[in-house]
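Structural characterization, general
This is what each chain is made of:
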Amino acid sequence: MPRYAVIDVGTNSVKFHIGEKHADGTWTTVADRSDVTRLGEGLNASDGAFTPEAMERTIVAIAGMAAEAQRAGAAAVAAVGTMGLRTSRNSGDFVAEVARRAGVRIEVIPGAEEARLAYLAVKSGLGLGAGSMVIFDTGGGSSQFTFGHGAAVTEQFSLNVGAVRLAEAYGLAGVVSPAELQRAMDAIAADLSRLDATAAPDALVGMGGAVTNLTAVMLGLRTYDPDVVQGAALTGREVDRQIELYRSQSTEARRRIVGLQPKRAEVILAGACIVRTVMHKLRKDELTVSDRGLRHGVLLERFGGDAKTRAPE
């Protein structure tokens, strides 16, 4: 059975997936992980360019993933880049260096394409009903929104609202006062004003590192389990609880919280604020969590099959 790999190069993390394709079009997951490399760290302060240190961290991670894919017998590796690579002044240099050192060619995709591929992965993976649905993905540099009804996508767009930028702009990496938190929340609400006229959907689905980490903390997962996170319900009350938890703790204290990926300690408060604001604007007290995302959509688009997965044999 053929194996294929996908590398998703985001502003805060690099996600990696190897899938094994069966004759009936279903997939078995061989590997699925995320490495927080903070490619977009200091992007605003460095005149819109990736820093050498952030580039080096990310290139090392990608090279390791490419080597792992080769060892696993992957027939091909697809790599995509998102918001950070769309905006950075030196993204071309970064892409060229990745190709030279890792043998991987990154395709920088538009925000709308990122949203469409995520919808492709999420829709059948969760088995939701035929009503209206909004899927959102909070990343380090942007947030993607896809609106659909049944199997049809009706609208999709990307907004420059990301956890890395907000954490840096509003000092959300450590302890913040209630007033400072409110200032950040007000700014996020303004940045997400495009959602103000949107009707409340029948279902709201959240994905990405912020959502899955919030869910892992809610469930107290000492070891991340994608099968437990997939399809979980995350309430507004729980997000509020975690916002207060992170607001009142230093970066180091956050790293000790069960369920939170330690490298996300600096950006988790910003991510949680984005999630809560989206829920408020779409008038939903609860969302469904998807562990599947862009990398799974790329796998299906490039290598065929459907979004259903088999348990490892």
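Okay, so let's go over this structure. What you see as residue numbers is a count from 1 along each chain, following the sequence as written. For a predicted model such as this one, the threshold for reporting local features is a pLDDT of at least 70, and the threshold for listing and counting side-chain atom pairs is 80 or more; totals across whole chains, interfaces and linings nevertheless cover every residue. Excluded from the side-chain calculations are hydrogens and water; all other atoms, namely the structure's heavy atoms, are used.

Okay, the overall build of the chain next. On a plain count of helices and strands, the chain comes out with 12 helices and 12 strands. The C-alpha radius of gyration of the chain comes to 18 Å, within 12% of the 20 Å expected for a compact globule of 313 residues. For the C-alpha atoms alone, the extent of the chain along its principal axes is close to 55 × 45 × 35 Å. Exposure classes here rest on a 1.4 Å probe applied to the protein chains alone. A residue is buried below 20% of its type maximum, exposed above 50%, and partly exposed in between. When the 313 residues of the chain are sorted by exposure, 55% land in the buried category. A helix here means a DSSP run of H or I that spans at least four residues, while a strand means a run of E at least two residues long, and both kinds are numbered starting from the N terminus. We compute the radius of gyration over the C-alpha atoms and compare it with the globule rule, which gives 2.2 Å times the number of residues raised to the power 0.38.

The subject of this paragraph is the pattern of salt bridges. Here, a salt bridge means any side-chain nitrogen of Lys or Arg that lies within 4 Å of a carboxyl oxygen of Asp or Glu. If you walk through the whole model with that rule in mind, you get 22 salt bridges. Glutamate 97 serves as the salt-bridge partner of arginine 101, at 4.0 Å between the closest nitrogen and oxygen. Residue arginine 101 and its partner glutamate 97 are located together in helix 3 (residues 91–102), separated by 4 residues, close to a single helical turn. Relative accessible area serves as the criterion here: at 22%, glutamate 97 is assigned to the partly exposed category. One network of salt bridges, with partners in common, ties together Glu56, Glu97, Arg100 and Arg101.

Strand order in the open sheet formed by 6 strands is 8-7-6-9-11-10, with mixed pairing between adjacent strands. Edge positions in the sheet fall to strand 8 (152–159) and strand 10 (233–235), since each of these pairs with one other strand and no more. Along the sheet, successive strands turn relative to each other by an average axial angle of 25°, direction set aside. Each pair of strands is called paired provided DSSP finds at least two bridges between the two strands. Here, axes are lines fitted to C-alpha atoms. For helices the fit covers the stretch in contact, and angles between N-to-C directions go from 0 to 180 degrees.

Here the focus is the side chain of serine 91. Its location among the elements puts serine 91 in helix 3. Whether two residues are in contact is decided by their heavy atoms, any of which lying within 4.5 Å being enough. The contact partners of serine 91, leaving out residues within four places of it in the chain, are Phe50 and Leu85.

Let us now look at the nonpolar core. Judged by nonpolar contacts, the single largest core of 47 residues is most densely connected at Phe145, Val275 and Leu287. The dominant element in this core, judged by the number of residues it contributes, is helix 11 (residues 268–281), at 9 residues. Apart from residues no more than four positions distant in its own chain, valine 275 is found in contact with Phe136, Thr138, Ala210, Val211, Leu214, Val239 and Leu287. Here the nonpolar core consists of buried residues drawn from Ala, Val, Leu, Ile, Met, Phe, Trp, Tyr and Cys, with membership extended through side-chain atoms lying within 4.5 Å. Ile7, Ala72, Val98 and Ala102 belong to the second-largest nonpolar core, a separate cluster that totals 25 residues.

The subject of this paragraph is the environment of alanine 67. Turning to its location among the elements, alanine 67 is positioned in helix 1 (residues 52–71). On the basis of relative accessibility, which here comes to 29%, the residue alanine 67 falls in the partly exposed class. Separated by 72 residues in sequence, alanine 67 and glycine 139 have C-alpha atoms that sit 25 Å apart.

The criterion for an aromatic pair is that two Phe, Tyr or Trp rings (for Trp, the six-membered ring) have centres within 6.5 Å, with stacked assigned to planes under 30 degrees apart, edge-to-face to planes over 60 apart and tilted to the rest. Tallied over the entire structure, the rule returns 6 aromatic pairs. Aromatic pair tyrosine 4 and phenylalanine 303: ring centres 4.3 Å apart, planes at 15°, arrangement stacked. On the criterion of sequence distance, the pair formed by tyrosine 4 in strand 1 (residues 3–9) and phenylalanine 303 in helix 12 (residues 294–303) is long-range, its members being 299 residues apart. Pairwise contacts between aromatic rings join Phe136, Phe145, Phe147 and Phe157 into one cluster. In this scheme, the term charge over a ring applies when either NZ of a lysine or CZ of an arginine sits within 6 Å of the ring centre and within 35 degrees of the ring normal. Here the guanidinium or amino end of arginine 194 rests over the ring plane of phenylalanine 157, the centre of that ring lying 3.8 Å away.

This part covers helix 7 (residues 209–219). The buried count for helix 7 comes to 9 of 11 residues, which makes it a mostly enclosed element. Among the residues making up helix 7, those that are buried are Gly209, Ala210, Val211, Thr212, Asn213, Leu214, Thr215, Ala216 and Val217. Of the residues trailing helix 7, glycine 220 is marked for its positive phi of about 65°.

So, about the pairing of strand 6 (residues 132–138). The side chains of a regular strand alternate, first on one face of the sheet and then on the other. Along strand 6, 6 of the 7 residues are buried, which leaves the element largely enclosed by surrounding structure. Here strand 6 runs beside strand 7 (residues 143–149); their pairing, made up of 7 bridges, is antiparallel. Note that in strand 7 the partner of phenylalanine 136 across the bridge is phenylalanine 145. Connecting strand 6 to the antiparallel partner strand 7 that follows it, the hairpin turn spans 4 residues. Across 5 bridges, strand 6 lies against strand 9 (residues 203–207) in parallel orientation. For isoleucine 135, the partnering residue across the bridge sits in strand 9 and is valine 205.

Here, expected helix span is obtained from the residue count minus one, scaled by 1.5 Å. With 14 residues, helix 11 ought to run about 20 Å at 1.5 Å a step, and its terminal C-alpha atoms sit 20 Å apart, in line with that. Most of helix 11 is tucked away, with 13 of its 14 residues classed as buried. At the C-terminal side of helix 11, arginine 283 shows a positive phi close to 55°.

Among the 5 residues that make up strand 9, 5 are buried, leaving the element largely enclosed by the rest of the structure. Burial of strand 9 is two-sided: the residues Ala203, Val205 and Met207 facing one way and the residues Leu204 and Gly206 facing the other way are all buried. Both strand 9 and strand 11 (residues 286–290) contribute to a ladder of 3 bridges, which runs parallel. Of the residues in strand 11, the one forming a bridge with valine 205 is threonine 288.

Function-wise, these values are silent; they only describe arrangement.
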